[in-house]
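Here are the chains, one letter per residue:
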Amino acid sequence: MGNADYECPRRVSIPPSKPFFNSLKSGLKETLFPDDPFRQFKNQSASRKLLLGLQYFVPILEWAPRYTFEFFKSDLLAGITIASLAVPQGISYANLANLPPILGLYSSFVPPLVYAMMGSSKDLAVGTVAVGSLLISSMLGKEVNPNENPKLYVQLALTATFFAGVFQASLGFLRLGFVVDFLSHATIVGFMGGAATVVCLQQLKGILGLVRFTHATDLQSVMRSVFSQTSQWRWESGVLGCCFLLFLLLTRYFSKKKATFFWINAMAPLTSVILGSVLVYFTDAERHGVQVIGQLKKGLNPPSLSELDFGSPYLMTAVKTGVIIGVIALAEGIAVGRSFAMFKNYHIDGNKEMVAFGMMNIAGSCTSCYLTAGPFSRSAVNFNAGCKTAVSNIVMATAVMITLLFLTPLFHYTPLVVLSSIIIAAMLGLIDYEAVIHLWKLDKFDFIVCMSAYVGVVFGSVEIGLVIAVTISLLRVLLSVARPRTFVLGNIPNSVTYRSIDQYPDAKSVPGVLILHIDAPIYFANASYLRERISRWIYEEEEKLKISGETGLQYVILDMSSVGSIDTSGISMFEEIKKVVDRRGLKLLLANPRSEVIKKLNNSKFIENIGQEWIYLTVAEAVAACNFMLHTCKSNPEVEYNSQDDNV
């Protein structure tokens with residue numbers, strides 16, 4: 001570039017300082033209220049603000065006035081359809097949690113009513129979930145044997161549900177929904193797949209008709225328990241279980257083949273329960289070793305506030321269980337809700353969902369219900385059945401209420417092996433091998449996280465798998481912060497654009513100039529690494545130029561367009577880099593420092609140290625200034641400095 005081509009660049013502006021409390025308020029608002037939920041209250045009367053506030057926390061008040069009979073017809077069909085799935089699943093999952101089967105029906109009555117009023121999803125169908133049931137069984141079962149002390153076990157399950165609700169609601173009210181984001185997609189895929197595998201293995205007890213079975217969830221313990229009791233296997237139970245499992249899998253296969261047949265898959269579990277009960281009743285299979293549910297209590301949910309045991313010596317176990325099942329339920333429920341919302345092009349407020357989940361579990365724990373969430377299988381049926389609003393949950397709850405009042409005696413002869421078949425069929429759908437293959441192709445690290453969660457759950461325990469997966473995910477976050485990417489930029493031919501030389505092989509290095517891009521905020525965690533890495537870049541560039549005999553290195557430009565923030569350790573790092581550059585007889589330039597960064601650099605006197613004239617708006621302007629100096633004062637760095645000072 002010739003001298004005549006160089007134009008005096010515009011100086012980088014240093015934003016005015018804000019009062020501390022204004023900065024703190026702005027930071028908290030961006031952190032906790034990124035969606036600005038208060039904007040709707042601006043310039044509104046007091047009564048209008050009250051109504052908007054009620055509608056915000058109780059969304060049914062907002063959409064109920066617009067509800068139509070056409071919507072009701074769709075919701076009625078969807079509600080009846082998911083009720084046919086909720087009844088057998090509720091009984092099955094309560095059995096999985098080692099809780100009385102009736103609690104599974106209770107949990108499909110009160111919580112859906114609460115969610116219908118407070119939830120923001122139109123498609124989520126509320127009910128008990130297999131993974132939450134498994135966690136309750138494994139975590140509480142270690143402390144209290146459900147067979148030896150069933151009353152205490154139920155009390156702890158209800159107490160854990162209460163704490164799960166409190167934790168969920170707290171996250172929503174405090175706008176801390178980002179905590180759930182630490183469960184990455186890869187973590188959830190691996191964890192759900194592992195939990196589904198463990199649940200399937202646990203159902204061998206019901207399929208084989210075993211009376212005694214291990215409470216451990218790891219593969220070794222389950223296999224040892226199965227094969228150490230070969231003399232206790234009941235072929236009648238095994239044949240019945242395999243037949244019903246085949247029936248359930250075939251109905252799912254046909255439903256997937258043609259979407260209009262979704263109702264076949266939805267009705268299959270209830271059909272299995274009815275057929276199994278009839279078969280047991282008329283063949284007297286109970287006498288031949290086929291275990292049945294037995295008597296179910298008739299009537300609606302009894303209050304259970306007095307059953308919440310806050311003085312138990314196992315209280316901390318209940319709290320820990322509640323927090324873990326609360327997080328898992330939120331992660332699954334919100335992910336399911338958002339996936340269906342995307343299809344219908346509407347928005348789900350994650351914090352509202354957390355409050356809704358929390359309140360329904362708090363209310364549930366006081367009405368003899370255990371953990372509820374938004375299971376994928378039930379929500380998928382609700383979606384395919386054409387639901388329009390959360391009224392489908394009210395219809396489902398009404399159907400369950402009728403069941404509780406009048407139909408529970410009919411489930412006396414329901415064989416446990418049918419419940420095991422229903423659970424296995426549901427769990428096989430959670431083993432998403434296609435997602436695992438996709439992770440392998442797309443991101444090997446995510447694949448490792450996924451498989452770590454799976455292996456940890458299957459060969460260790462549910463808690464171990466979750467801890468391993470979350471730890472590896474956090475390690476990845478820490479590594480990305482502590483070891484940010486830096487790369488050399490080059491000029492794209494016939495343009496003033498500068499991009500990574502690795503990504504664009506045709507990008508040309510600028511003679512005498514090293515342009516480095518820092519691709520992350522600079523904090524105490526990465527400041528030392530960046531100092532060493534930038535120093536190495538400079539050393540390697542000098543060595544390369546020395547070997548090739550090209551123009552020696554004169555300038556180092558740091559592109560800071562991706563550095564959104566900096567702390568005091570980062571500022572110290574820049575001061576040390578400046579000393580390194582000065583010792584080598586080079587000049588340091590900064591390009592496009594962001595508002596927060598340039599403000600802190602100015603307050604620390606680093607701008608005064610480096611000189612305002614060595615800070616540029618863009619990499620292109622910085623390169624132009626370097627070329628101008630190289631062409632006017634090639635041999636005297638001091639003159640070069642003074643010339644730049646005069647021109648800017």
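- As named in an unreviewed UniProt entry, the chain is Sulfate transporter 3.1, taken from Citrus sinensis.

**A few points about the environment of Gly119**
(1) Moving on: Considering the arrangement of structural elements, one finds Gly119 in the loop between helix 6 (110–118) and helix 7 (130–141).
(2) Moving on: Between the alpha carbons of Gly119 and Thr618 there is a distance of 47 Å; along the sequence they are 499 residues apart.
(3) Moving on: In contact with Gly119, other than residues within four places in its own chain, are Pro59, Glu353 and Ala356.

**Quick notes on the environment of Glu608**
(1) Moving on: Locating Glu608 in the fold gives a position in helix 25 (residues 606–610).
(2) Moving on: With 327 residues separating them along the chain, Glu608 and Tyr281 place their C-alpha atoms 90 Å apart.

**What to know about empty space enclosed by the protein**
(1) Moving on: One pass over the structure, following the stated rule, counts 3 cavities of 30 Å³ or more.
(2) Moving on: Estimated volume of the largest cavity: approximately 50 Å³.
(3) Moving on: Around the largest cavity sit Leu183, Thr187, Ile188, Phe191, Met192, Ile328, Ala331, Glu332 and Leu466, which together line it.
(4) Moving on: Within the residue set of the lining of the largest cavity, elements represented by two or more residues are helix 9 (185–202) and helix 14 (315–344).
(5) Moving on: When residues of the lining of the largest cavity are assigned to their parent elements, the largest contribution, 4 residues, is made by helix 9.
(6) Moving on: Its residues placed into classes, the lining of the largest cavity shows 7 nonpolar, 1 polar and 1 charged.
(7) Moving on: If you go around the second largest cavity, the residues you meet are Tyr56, Phe57, Met118, Lys352 and Val355.
(8) Moving on: Taken together, the residues that form the lining of the second largest cavity break down as 4 nonpolar, no polar and 1 charged.

**Here's the deal with the packing of helix 12 (residues 235–257) against helix 18 (residues 416–428)**
(1) Moving on: Here helix 12 crosses helix 18 at 40°, and the two axes come no closer than 9 Å. Pair helix 12 / helix 18 crosses with right-handed handedness. Note on element contacts: helix 18 touches helix 12 through Val417, Val418, Ser421, Ile422, Ile424, Ala425, Ala426 and Leu428, opposite Ser237, Leu240, Gly241, Phe244, Leu245, Leu248, Leu249 and Arg252.
(2) Moving on: Classifying every residue of the contact of helix 12 with helix 18 by side-chain character gives 12 nonpolar, 3 polar and 1 charged.

Rules of the game
- Residues numbered from 1 in each chain as written.
- Predicted model: local features only at pLDDT ≥ 70, side-chain atom pairs only at ≥ 80, totals over all residues.
- Heavy atoms only, no water.
- Helix = DSSP H or I, 4+ residues; strand = E, 2+ residues; numbered from the N terminus.
- Contact = heavy atoms within 4.5 Å.
- 1 Å grid on protein atoms, 1.4 Å probe; cavity = no way out; pocket = protein on both sides within 12 Å on 5 of 7 lines; lining within 4 Å.
- Points joined across faces, edges and corners; volume = space filled by probe spheres on them.
- Nonpolar A, V, L, I, M, F, W, Y, C, P; charged D, E, K, R; others polar.
- Axes fitted to C-alpha atoms, helices over the stretch in contact; angles between N-to-C directions.
- Left-handed = near helix turned anticlockwise from the far one by under 90°.

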